[in-house]
Amino acid sequence: LLGGFLIGWAKPTPVNRANLRDRRNGEVLVALAGPASNLVMAIAGAVIFRALVAVDIRPPDLVIYSLYLFVVYNIALGIFNLLPGTPLDGGRVLHGLVWRRTGDRARATRTAAGAGATTGAVSAGGDSSSAFASFSAFRASLRSRGRATA
């Protein structure tokens, strides 16, 4: 329950793609902004910690532990958000890169959706229900392209 509270309740940042000069590259840059901000916050926390050590200030253990967790969670969250799953920033990066390479936005969407389903199945422990959900999402993407059989 606590894990769902920490990382499972985030809302995506609304982006008006019409404001991007170059939609393909702009989408990738917007998606990279989240993990980059996590990295900047982790570095800031580490710098504060090192500064406290350098001037020989010994804050209470709770402050040290909180600062440590701040750095670790920001690094973990930045890495987690780079997983290639469609709702995560990594899925949007994958979408933008595939779109840039192929020029086919629909193909990029299918690729990112398939990667998201696979990432979800793997992160859920790979149980049969996750595998079924991943397969169902893959079939749906094939069906939308008119390639699925009954």
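Quantities reported herein were computed from a predicted structural model and do not represent experimental measurements.

A. The arrangement of the side chain of N38 in detail. Relative to the assigned elements, N38 resides in helix α2 (residues 23–54). Only 3.0 Å separates the side chain of N38 from the side chain of N74, close enough to count as a polar contact. In this structure N38 touches N74, L77, G78 and N81, once residues within four positions along its chain are discounted.

B. View of the environment of R92. Relative to the assigned elements, R92 resides in helix α4 (residues 89–102). Looking at R92, the relative accessible area reads 17%, which means it is buried. As a C-alpha pair, R92 and L32 span 60 residues in sequence and 8.7 Å in three-dimensional space. Setting aside anything within four residues of it in sequence, one finds R92 in contact with V15, E27, V30, A31 and T86.

Calculation criteria
- Each chain carries its own residue numbering, running from 1 in the written order of its sequence.
- For this predicted model, a pLDDT threshold of at least 70 governs which residues receive local features, and a threshold of 80 or more governs which side-chain atom pairs are given and counted, while totals over whole chains, interfaces and linings are taken from all residues.
- Computation of side-chain values: all heavy atoms of the structure, hydrogens and water removed.
- Secondary structure counts use DSSP, requiring at least four H or I residues in a row for a helix and at least two E residues in a row for a strand, with both numbered from the N terminus.
- Polar contacts here mean pairs of N or O atoms no more than 3.5 Å apart (in protein, one a potential hydrogen donor and the other a potential acceptor; neighbouring residues in sequence count only if both atoms are side-chain atoms).
- Contacts are assigned to residue pairs that have any heavy atoms within 4.5 Å of one another.
- Relative accessibility under 20% of the residue-type maximum defines a buried residue, over 50% an exposed one, and the middle range a partly exposed one, all with a 1.4 Å probe and only protein chains included.

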